[in-house]
Amino acid sequence: MFFFINALIILFLFLHQGNPLAQIYKWSQFFFLILFLFYLIKNKIVLFLVSALFYFFYLVTASYSIRTYDNLDYSFLERNIKDAPVIIYQYLPHFAAAIFLSFLAAIFVCRLKPLFKNRALIALPIVIISIPLATRDYKLENEFIYFLKSVYQNSKSIDYYQKNIYEKLINDSVIKKPLIIEEAKKIKREELPSYLDNIVILQIESLNSFLVNEKNTPNFLEIAKQGVFFPAIYGNSVQTIMAQENILCSLPSSFDSNLTPSKKDKDILCLPGALNAAGYKNFFLKSYSLDFTRTGEFMKNIKFDEAHADDIMKEGDPRYPWGYREDIFYERAFEYLRKNIKDKNNFVYLEIGPTNHWPFLPPEGMENTVPFKNSRNHQEMLSNTVFLQDAYLKIAWSKLNELFPEKNYTAIIVGDHSWPIGVHKGNI
């Protein structure tokens, strides 16, 4: 029964990751780790509990690897532990199944112990486990063993960045804030050029510069001909709220958390605060809930006068898992702005995200409108949703020019962040 359970695990991994010999080899590392426990732990109850715990983490780390194409790292888990309850709830049946299998396997581990009395066997797990560690071939390293090893390999570079660079940049921003605000108050709005009457940021989702081309983003490139086109920018986040700290506050991202939980967002210098001091009215409109990652609170703290999402939408408006469909959102957003903006000196920030978002699948009914109708890989999947997002961008651009027919505006169209597409091997 013990080997039957493990055969099911190997089969599960093989079906998702391929290469049966590699999966058997990786499982053998774990098996010999369990064998090592036989000689280390004498008490059967303790052996049962530790074996169950090891099996549970083995299943969790293997499942994580299948889902993300990467191994779970302890420092990553530690820095994101606050999100654990949400993830566990989302995958509750899977966790329950993992717990059941773990206890079942642990029962048979205890029954197997008498069969392994030869202490010479203890050398075998050391050899088998050390091979992938010595060759640094992480593809042959059991996911659970990788996780255990990462506990003792805390990233000193990340710790250095957090304490000596990131915190310094935060403090510099806090110190400079009153000086910049005072300078902004001195600006004579009547002397500003007309293209600064209104400032608009159109933030689109997960735009990887490698996918910006005539096939995927024809509208984006056509609009770019009317202004200045930056073919690549640096955005070191794959989380929108972090990216908005980059865009609006000129701060690189933390590895730990966005600024709102610490309340530091109230003290730093951000664009809405400076524009507010210069006499602009600031609008933030989002196609997804303001409660998510405390976006509404963040925007209020950095001095947006208004922040809107669901409240400007209507019952029956089409909605996807990550927000209202872009064309409908743009219609509602510009309808609201038309009624509420000043004659000039407006700052408008529009955030959209439902179509070109993980898991990068075309919405139902749009499968035949995309460039890659039978997408074969992650890059083609993302190309499809980028294409759909770009189609909606044309609508936003049209409505922006209807809102400001005199062209008295400066518009910035920017992705909140990129999304990896495998340019670096295995990183998607």
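These numbers come from a predicted model, not from an experiment.

1. A look at the sheet that holds strand E2 (residues 281-286)
If you walk across this open sheet you meet the five strands as E3-E2-E6-E1-E7, and the pairing is parallel. Bordering the open sheet on either side are strand E3 (306-308) and strand E7 (410-415), each of which pairs with just one other strand. For this sheet, the mean inter-axis angle between neighbouring strands, taken without regard to orientation, is 10 degrees. Judged from the six bridges that link them, E2 and strand E6 (residues 346-351) form a sheet pairing that is parallel. Within E6, the position partnered with Asn 282 by the bridge is Phe 347. Docked against the sheet, helix H11 (residues 240-249) engages strand E1 (198-204), E2, E6 and E7, running at close to 150 degrees with respect to E6. Each of E1, E2, E3 and E6 is contacted by helix H14 (residues 326-340), which is oriented at about 160 degrees to E2, the strand it contacts most.

2. Things to note about the nonpolar core
Counting 43 residues, the largest nonpolar core has Leu 285, Phe 329 and Tyr 330 as its most contacted members. The greatest single-element share of this core, amounting to nine residues, is contributed by helix H15 (residues 378-403). Within the second largest apolar cluster, 27 residues are counted, among which are Ile 201, Met 242, Leu 259 and Cys 270.

3. Some words on H14
Counted at 1.5 Å a residue, the expected span for H14 with its 15 residues is 21 Å, and the 21 Å between its end C-alpha atoms agrees. Those residues of H14 that sit buried are Glu 326, Asp 327, Ile 328, Phe 329, Tyr 330, Arg 332, Ala 333, Phe 334, Tyr 336 and Leu 337. The secondary structure elements touched by the buried residues of H14 are E1, E2, E3, strand E5 (323-324), E6 and H15.

4. Examining the packing of aromatic side chains
According to the stated counting rule, one finds 23 aromatic pairs in the structure shown. Three or more aromatic residues joined by ring pairs make a cluster, and in this case those are Phe 56, Phe 57, Tyr 74, Phe 95 and Phe 147.

5. Let's talk about the environment of Lys 342
Within the secondary structure, Lys 342 sits in the loop between H14 and E6. The sequence separation of Lys 342 and Tyr 280 amounts to 62 residues, and the corresponding C-alpha distance is 8.9 Å. Aside from chain neighbours lying at most four places away, what touches Lys 342 is Gly 279, Tyr 280 and Lys 281. Polar side-chain contacts of Lys 342 include one of 2.9 Å to the backbone oxygen of Gly 279.

6. Examining the pairing of E6
Of all six residues in E6, six are buried; the element is thus mostly enclosed. Of the two faces of E6, the one carrying Asn 346, Val 348 and Leu 350 and the one carrying Phe 347, Tyr 349 and Glu 351 are both buried. Inspection of the sheet shows E1 paired to E6 by six bridges, in the parallel sense. In the strand pairing of E6, Asn 198 is matched with Asn 346.

7. Describing a nonpolar patch on the surface
Taken together, the side chains of Ile 45, Leu 49, Ile 99 and Phe 103 make up a nonpolar region of the molecular surface, amounting to roughly 390 Å² of accessible area. Listing elements by their share of the nonpolar patch, those giving two or more residues are helix H3 (44-68) and helix H6 (92-112). With respect to the helices and strands, the residue Phe 103 is situated in helix H6. A residue is classified by how much of its surface remains accessible, and Phe 103, at 38% relative accessible area, is partly exposed.

8. Here we look at the packing of H3 against H6
Look at H3 against H6: their axes get within 8 Å of each other, and the N-to-C directions meet at 140 degrees. On the basis of their axis angle, the class for H3 and H6 is oblique. For H3 against H6, the interelement crossing comes out right-handed. On H6, the residues touching Lys 44, Leu 47, Phe 48, Ser 51, Ala 52, Tyr 55, Phe 56, Leu 59 and Val 60 of H3 are Phe 95, Ala 98, Ile 99, Leu 101, Ser 102, Phe 103, Ala 105, Ala 106, Ile 107, Val 109 and Cys 110. Tallied by class, the residues present in the contact of H3 with H6 amount to 17 nonpolar, two polar and one charged.

9. Let's talk about the pattern of salt bridges
Under the criterion given, the structure shown has 13 salt bridges. Linking Glu 183 and Lys 186 is a salt bridge whose minimum nitrogen-to-oxygen distance equals 3.5 Å. We classify Glu 183 as partly exposed; its relative accessible area is 47%. In this structure, the salt-bridge partner of Arg 332 is Asp 317, at a minimum N-O distance of 2.8 Å. Taken together, the residues Arg 332 in helix H14 and Asp 317 in the loop between E3 and strand E4 (319-320) connect sequence positions 15 residues apart. Judged by relative accessible area, which is 10%, Arg 332 ranks as buried. Here the salt bridges share partners, and the residues they tie into one network are Lys 263, Arg 294 and Glu 297.

Conventions and cut-offs
- Residues numbered from 1 in each chain as written.
- Predicted model: local features only at pLDDT ≥ 70, side-chain atom pairs only at ≥ 80, totals over all residues.
- Heavy atoms only, no water.
- Pairing = 2+ DSSP bridges.
- Helix = DSSP H or I, 4+ residues; strand = E, 2+ residues; numbered from the N terminus.
- Axes fitted to C-alpha atoms, helices over the stretch in contact; angles between N-to-C directions.
- Contact = heavy atoms within 4.5 Å.
- Core = buried A, V, L, I, M, F, W, Y, C linked by side-chain atoms within 4.5 Å.
- Buried < 20%, exposed > 50% of the residue type's maximum accessible area, 1.4 Å probe, protein only.
- Expected span 1.5 Å × (residues − 1).
- Phe/Tyr/Trp six-rings, centres within 6.5 Å; stacked < 30°, edge-to-face > 60°.
- Polar contact = N/O pair within 3.5 Å; in protein donor to acceptor, adjacent residues only side chain to side chain.
- Patch = residues over 30% accessible without salt bridge, like charges linked within 9 Å, V, L, I, M, F, W, Y side chains within 5 Å.
- Areas by Shrake-Rupley, 256 points an atom, 1.4 Å probe, with all protein chains shown as cover.
- Salt bridge = Lys/Arg side-chain N within 4 Å of Asp/Glu carboxyl O.
- Parallel < 35°, antiparallel > 145°, perpendicular 65-115°, else oblique.
- Left-handed = near helix turned anticlockwise from the far one by under 90°.
- Nonpolar A, V, L, I, M, F, W, Y, C, P; charged D, E, K, R; others polar.

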